[in-house]
Amino acid sequence: MKRKVSLLNITNRAGGIDILWANMKRQSFTDWELVIVDGLWREREQEVKEYINDSRLVYVRQSDKREGALTNLAHADNDGFRACSGELIVCLQDYVWVLPTALDAFWGHYARLGDCLV
């Protein structure tokens, strides 16, 4: 099912999933999906899926860094963007706490401004 908002989180750090999930569960705007691109999927994929246990979770295994590359962030971003089905994509970093009205505010900006990067 296509959601209005895709919240995209790229992570390769231990922890932080609890903060992210707590943020999402208390949002007043409810038409969202949570896309996690996880660099630590080998260690915790099943644990994350069981902890969140929600049909709005889209879990993406971050691909390995290509030989000679310093980072895999651009590939992880692209994998995440491809997995998003929402009309609006909101990127949220690890360990960030947002207000319960954050997605409402992002959707409001989008509704007023149209296609944009905020």
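Our subject is the structure that appears above.
Everything in this summary refers to the structure shown in the same document. (Residues numbered from 1 in each chain as written. Predicted model: local features only at pLDDT ≥ 70, side-chain atom pairs only at ≥ 80, totals over all residues. Heavy atoms only, no water.)

Let's talk about unusual backbone geometry
Phi at N53 is positive, roughly 45°, even though this residue is not glycine. By the element assignment, N53 lies in the loop between α2 (41–52) and β3 (57–61). If you check the backbone angles, Y95 has positive phi at about 60° while not being a glycine. As for its placement among the helices and strands, Y95 is situated in the loop between β4 (88–91) and α4 (102–113). (Helix = DSSP H or I, 4+ residues; strand = E, 2+ residues; numbered from the N terminus.)

What to know about the packing of aromatic side chains
Considering all chains together, one arrives at three aromatic pairs under this definition. Taken together, a centroid distance of 6.0 Å and an interplanar angle of 75° make the contact between W21 and W32 edge-to-face. One end of the pair, W21, is in helix α1 (residues 17–25); the other, W32, is in strand β2 (residues 32–38), with 11 residues separating them in the sequence. Using a relative accessible area of 6% as the deciding quantity, one classes W21 as buried. Over the aromatic face of W32 sits the side chain of R56, whose NZ or CZ is 3.8 Å from the ring centroid. (Phe/Tyr/Trp six-rings, centres within 6.5 Å; stacked < 30°, edge-to-face > 60°. Buried < 20%, exposed > 50% of the residue type's maximum accessible area, 1.4 Å probe, protein only. Lys NZ or Arg CZ within 6 Å of the ring centre and 35° of its normal.)

A closer look at the sheet that holds strand β1 (residues 5–11)
Pairing is parallel across the open sheet formed by four strands, whose spatial order is β3-β2-β1-β4. The two strands at the open ends of the sheet, each matched to only one other strand, are β3 and β4. Neighbour-to-neighbour, the strand axes of this sheet turn through a mean angle of 20°, independent of strand direction. Against the sheet, α1 makes contact with β1 and β2, and its axis sits at roughly 170° relative to β2, the strand it touches most. The sheet contacts of α2 involve β1, β2 and β3, and relative to β3 the element is tilted by about 175°. (Pairing = 2+ DSSP bridges. Axes fitted to C-alpha atoms, helices over the stretch in contact; angles between N-to-C directions. Contact = heavy atoms within 4.5 Å.)

A short note on the nonpolar core
Membership of the largest hydrophobic core comes to 23 residues, with the highest contact counts inside it found for V5, L7, L34, I36, I52 and L103. Elements with a contribution of two residues or more to this core: β1, α1, β2, α2, β3, β4 and α4. Not counting residues within four places of it along the chain, the set of residues in contact with V5 comprises F29, D31, W32, E33, G86, L88, V90, L103 and W107. (Core = buried A, V, L, I, M, F, W, Y, C linked by side-chain atoms within 4.5 Å.)

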